[in-house]
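The residues making up each chain are set out below.
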Amino acid sequence: MQLEQCFGIPQRPHTPDGLPLYPDLLDELVGTVLSQNTTDHNSSRAFRALKAAFPTWEAVLAADLAELAQVIRPGGLAHLKAARIQEILAAIGERRGSLSLDFLRDLDDASALDFLLSLKGVGLKTATCVLLFGLGRDLCPVDTHVHRVANRLGLVRAKHPDDTFAQLSPQIPKGKAYSLHVNFIRLGKRICKARMPECSRCPLRRTCPSAPLRQR
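Nothing here was measured: the structure is a model prediction, and the numbers come from that model.

Along the polypeptide, T128 turns up in helix α8 (residues 124–135). Discounting chain neighbours no more than four positions away, the residues touching T128 are L113, L139, P141 and F165.

As structure tokens, then:
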């Protein structure tokens, strides 16, 4: 892949002996909720503050909503996200009897997605992030960068990221979803920017149908 030649092959976190290192699934889910409509820096600050203030997910669920919102304020939309996180935790506890998503490891992709998408406030991007980063599944979440890049490259014709996911997924070579996701985001942040894409620097400019239009 041309993007791997330009940006390298993304490597998943691993243990010292080379085994894949995956985060706790609830950590991944809540972290992804906190990342919505904010920067990586701010969402990371909010997640660290959350984990420092509350020792367990049970404590997060039992927390006063205003207190929880204050703790995660660095991530923006604090009251909305606090309520959403507690709703998600409550639903998981009611359905599973404990605050854990470890059971997802035994499910296939479709079943795991179905469960996550049944949780209020969890959309397709969030659910696929949990499967990609938390379980190592071969799925490519579609955020704003992936959506923009895929459409500009002519790989899809979609107005909504969920439609981009549906159209893009069958085109991704087996085992390449993680690489494509990470490198599309790198391309979108560094070169194929929303307002002023730097097409002259793009490693895909010779095959991108949008490049000639933007270089006029």
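On we go.
Attention now moves to the environment of R96. Locating R96 in the fold gives a position in helix α6 (residues 78–96). Spatially, the C-alpha atoms of R96 and K159 are 36 Å apart, while their sequence positions differ by 63 residues. Not counting residues within four places of it along the chain, the set of residues in contact with R96 comprises F103 and F115.

Further remarks concern the packing of helix α2 (residues 25–34) against helix α3 (residues 40–53). Remark: α2 packs on α3, axes separated minimally by 9 Å, with the N-to-C direction vectors making an angle of 135 degrees. It follows that α2 is oblique to α3 by the angle criterion. Between α2 and α3 the crossing geometry is right-handed. Seen from α2, the contacting residues are D27, V30, G31 and L34; seen from α3, they are S43, A46, F47, L50 and K51.

On to the layout of surface pockets. Taken as a whole, the largest pocket holds about 760 Å³ of empty space. The wall of the largest pocket is formed by 24 residues, among which S35, D40, S43, C129 and F133 lie closest to the centre. At the level of secondary structure, the elements contributing two or more residues to the lining of the largest pocket comprise α2, α3, α8, α9 (144–152) and α11 (177–190). Of the residues assigned to the lining of the largest pocket, the class counts are six nonpolar, twelve polar and six charged. Reported here for the second largest pocket is a volume of approximately 300 Å³. Around the second largest pocket, the lining is made up of 13 residues, and of these M1, L153, L155, L180 and F184 lie nearest the centre. Counting only elements with at least two residues in the lining of the second largest pocket, the list comes to α1 (2–7) and α11. Of the residues assigned to the lining of the second largest pocket, the class counts are ten nonpolar, three polar and no charged.

Further remarks concern the side chain of H181. Along the chain, H181 turns up in helix α11. Ignoring anything within four residues of it in the chain, the contact list for H181 reads L132, F133, C140, P141 and V146.

Further remarks concern unusual backbone geometry. Its identity is not glycine, yet N37 carries a phi of approximately 60 degrees, on the positive side. Inspection of the secondary structure puts N37 in the loop between α2 and α3.

The tally for this structure, following the rule as stated, stands at two aromatic pairs. Each ring, one from F103 and one from F115, has its centre 4.9 Å from the other, and the planes form 85 degrees; the classification is edge-to-face. Here F115 lies in helix α7 (residues 109–117) and F103 lies in the loop between α6 and α7, a separation of twelve residues in the sequence. Each member of the pair F103 and F115 is classed as buried.

A word on empty space enclosed by the protein. Taken as a whole and assessed by the stated rule, the structure comprises one cavity of 30 Å³ or more. Volume-wise, the largest cavity comes out at about 100 Å³. Lining of the largest cavity is provided by 14 residues; of these, R152, C192, C199, C202 and C208 occupy positions nearest its centre. Going through the elements one at a time, α9 and α12 (211–214) are the ones with two or more residues in the lining of the largest cavity. Of the residues that constitute the lining of the largest cavity, the class distribution is ten nonpolar, one polar and three charged.

What counts and how
- Residues numbered from 1 in each chain as written.
- Predicted model: local features only at pLDDT ≥ 70, side-chain atom pairs only at ≥ 80, totals over all residues.
- Heavy atoms only, no water.
- Helix = DSSP H or I, 4+ residues; strand = E, 2+ residues; numbered from the N terminus.
- Contact = heavy atoms within 4.5 Å.
- Axes fitted to C-alpha atoms, helices over the stretch in contact; angles between N-to-C directions.
- Parallel < 35°, antiparallel > 145°, perpendicular 65-115°, else oblique.
- Left-handed = near helix turned anticlockwise from the far one by under 90°.
- 1 Å grid on protein atoms, 1.4 Å probe; cavity = no way out; pocket = protein on both sides within 12 Å on 5 of 7 lines; lining within 4 Å.
- Points joined across faces, edges and corners; volume = space filled by probe spheres on them.
- Nonpolar A, V, L, I, M, F, W, Y, C, P; charged D, E, K, R; others polar.
- Phe/Tyr/Trp six-rings, centres within 6.5 Å; stacked < 30°, edge-to-face > 60°.
- Buried < 20%, exposed > 50% of the residue type's maximum accessible area, 1.4 Å probe, protein only.

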